[in-house]
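# Fold and geometry: a report
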Amino acid sequence: MSMIRDLRAAVRPHRRTPLPSTATPVVPGNCVVDCAVYQDGRRVEGCPNPDSAIHHVREGGGGGFVWIGLHEPSALELSGIAERFGLHPLAVEDAVHAHQRPKLERYDDTLFAVFKTVTYVEHEQLTATSEIVETGEIMVFLGHDFVVTVRHGRHGALGDLRHRLELGGELLAAGPSSVLHAVADRVVDTYLDVAQLIQDDIDQVENDVFGGRGAGDAGRIYQLKRELLELKRAVAPLARPLHALAERPMRQVHPDIREYFRDVEDHLSRVSEQVAAFDELLTSILQANLAQVTVAQNEDMRKISAWVAIFAVPTMLAGVYGMNFDHMPELRWKYGYPMTLSVIIVACSLMHRGFRRNGWL
């Protein structure tokens, strides 16, 4: 357990004082964010590009492994690296076009892993159209002497992760599989952070609904459920790949690293349980909101019905005496008019009192 804590402390970002990234800026026509050779857990100087890094590892006798980080490469940009490392065409196509489900596939001596990255979109006020969860992707090609990470999206940069791994060189000494674990651990930790922030939004909506201020919150609740579905699409399919990495021996994964995937799998289970609980809670809040709307409509209808009944009394009397038949003795009675007004006032007052006593007014 102490080794797991040391590993997580090395790869998990620190929120208060983020470390500078060692990645080079992405420029038009250049998808390579960073490229380095690692030998005995240390970064080897003098390998600034993929060609020199691959030559050092495979032909220069230096050993170690190469880690190439790419950002949204085109098919042409990835083809050269794919040819040198013998990457499967189907996996290369997935890495170029993205929009893949989280998965783990094995092609000969290469592992291909897909992770959905998520980030929380800050907003001043939650509305029925607020974007809460933004997704991206990280693909990892893993071999015995290389790891290629392909990132899609505006978030999920791995520069600070690479820097932290380089500070803890003993982790990189385990080989390319340490990078795969670090990426998986970073992605799942982000799920936990996003789930916590979504819970804050859910708590706010819940307080509004049950505090009497949520009569028009059905749109916000439904939007929360839609955004929660985006997180669920990232979390749920990842369970099987992480279980395979944790329990199934693979040539590409160092035995000492495999056991660390169990810790990542445990954290993913926590996120999955949270997402399922959030979905059920939002369903209950939505049903409660709709019930409140129905009750409010019923109250309005009762008030309208009560006033209609009260005004029906003078309307009926005015209709009867407005017919002006000759044989209506009250028409020529001296006290007919004041008597009619008295009947109207007394009847309306009694009805109003009765409706108020019964809660209709």
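Right above here is the structure, for reference.
These notes cover the structure that comes with them. Note that this is a predicted model, so its numbers are computed, not measured. (Residues numbered from 1 in each chain as written. Predicted model: local features only at pLDDT ≥ 70, side-chain atom pairs only at ≥ 80, totals over all residues. Heavy atoms only, no water.)

This brings us to the nonpolar core. Counting 61 residues, the largest nonpolar core has Phe115, Val183, Tyr191, Ile198, Leu231, Leu242 and Phe261 as its most contacted members. For this core, the element with the most residues is helix α7 (residues 177-210), which contributes 15 residues. Apart from residues lying up to four places away in sequence, Leu242 is in contact with Ala184, Val188, Phe261, Val264, Glu265 and Leu268. Counting residues in each nonpolar core, the second largest holds 30 residues, with Val57, Leu78, Ile81 and Val96 among its members. (Core = buried A, V, L, I, M, F, W, Y, C linked by side-chain atoms within 4.5 Å. Buried < 20%, exposed > 50% of the residue type's maximum accessible area, 1.4 Å probe, protein only. Helix = DSSP H or I, 4+ residues; strand = E, 2+ residues; numbered from the N terminus. Contact = heavy atoms within 4.5 Å.)

Across the 10 residues that make up strand β6 (residues 133-142), a large majority, nine, are buried. Of the strand pairs in this sheet, strand β5 (residues 110-120) and β6 are connected by 10 bridges, and their pairing is antiparallel. Note on β6: the bridge partner recorded for Phe112 is Phe141. Here six bridges tie β6 to strand β7 (residues 146-152), and the two strands are oriented antiparallel to one another. Looking at β7, one finds that Leu142 is bridged to Val147. Connecting β6 to the antiparallel partner β7 that follows it, the hairpin turn spans three residues. (Pairing = 2+ DSSP bridges.)

Attention now goes to a nonpolar patch on the surface. Residues Met316, Val320, Met323 and Phe325 make up a contiguous nonpolar surface patch of about 400 Å² in total accessible area. Tracing the chain through its elements places Met316 in helix α11 (residues 260-321). (Patch = residues over 30% accessible without salt bridge, like charges linked within 9 Å, V, L, I, M, F, W, Y side chains within 5 Å. Areas by Shrake-Rupley, 256 points an atom, 1.4 Å probe, with all protein chains shown as cover. Salt bridge = Lys/Arg side-chain N within 4 Å of Asp/Glu carboxyl O.)

This next bit is on the packing of aromatic side chains. Going through the model one piece at a time under the given rule, you end up with five aromatic pairs. Ring geometry for Phe85 against Phe146: centres 4.2 Å apart, planes inclined by 20°, an arrangement best described as stacked. Of this pair, Phe85 sits in helix α3 (residues 75-85) while Phe146 sits in strand β7, placing them 61 residues apart in sequence. Given the relative accessible area of 7%, Phe85 is considered buried. With a centroid separation of 4.7 Å and 35° between ring planes, the pair formed by Phe112 and Phe141 is classed as tilted. Here Phe141 lies in strand β6 and Phe112 lies in strand β5, a separation of 29 residues in the sequence. Phe141 carries the same exposure label as Phe112, and that label is buried. Three or more aromatic residues joined by ring pairs form one cluster here, namely Tyr38, Phe65 and Trp67. (Phe/Tyr/Trp six-rings, centres within 6.5 Å; stacked < 30°, edge-to-face > 60°.)

Turning our eyes to something else, we now look at the sheet that holds strand β1 (residues 32-39). Pairing within the open sheet is mixed, and its seven strands lie in the order β2-β1-β3-β7-β6-β5-β4. Looking at strand neighbours, the two that pair on one side only are β2 (42-44) and β4 (103-107), the edges of this open sheet. Across the sheet, the mean angle from the axis of one strand to that of its neighbour is 25°, orientation sign disregarded. Relative to β5, β4 is paired through five bridges, and the arrangement is antiparallel. In the strand pairing of β5, Leu104 is matched with Ala113. (Axes fitted to C-alpha atoms, helices over the stretch in contact; angles between N-to-C directions.)

Let's shift gears to the pattern of salt bridges. Inspection of every chain in the model, using the stated rule, returns 14 salt bridges. Glu166 is the salt-bridge partner of Arg43, the closest N and O atoms lying 2.8 Å from each other. Of the two residues, Arg43 sits in strand β2 while Glu166 sits in helix α5 (residues 159-167), which places them 123 residues apart along the sequence. The class for Glu166 is buried, based on a relative accessible area of 17%.

To continue, consider the side chain of Asp201. Along the polypeptide, Asp201 turns up in helix α7. Buried within the structure, Asp201 lacks any salt-bridge partner; Arg220 is the closest side chain of opposite charge, at an N-O distance of 7.7 Å. Engagement of the side chain of Asp201 in a polar contact is seen with the side chain of Tyr120, the distance being 2.6 Å. (Lys, Arg positive; Asp, Glu negative; His and termini not counted. Polar contact = N/O pair within 3.5 Å; in protein donor to acceptor, adjacent residues only side chain to side chain.)

What follows deals with the packing of helix α9 (residues 239-247) against α11. Each pair of packed helices can be summarised by the angle the axes make with each other and by the distance between the axes. α11 packs onto α9 with a crossing angle of 155° between their chain directions and a minimal axis gap of 8 Å. The angle between α9 and α11 places the two elements in the roughly antiparallel class. Both α9 and α11 take part in a crossing whose hand is left-handed. Contact with α9, carried on its side by Ala239, Leu242, His243, Leu245, Ala246 and Glu247, involves Phe261, Arg262, Val264, Glu265 and Leu268 of α11 and no other residues of that element. Of the residues assigned to the contact of α9 with α11, the class counts are seven nonpolar, one polar and three charged. (Parallel < 35°, antiparallel > 145°, perpendicular 65-115°, else oblique. Left-handed = near helix turned anticlockwise from the far one by under 90°. Nonpolar A, V, L, I, M, F, W, Y, C, P; charged D, E, K, R; others polar.)

By secondary structure assignment, the location of His352 is in helix α12 (residues 336-357). Look at His352 and you get partly exposed, because its relative accessible area is 26%. Between the alpha carbons of His352 and Ala306 there is a distance of 7.8 Å; along the sequence they are 46 residues apart. Not counting chain neighbours up to four residues away, the residues in contact with His352 comprise Trp307, Ile310 and Leu361.

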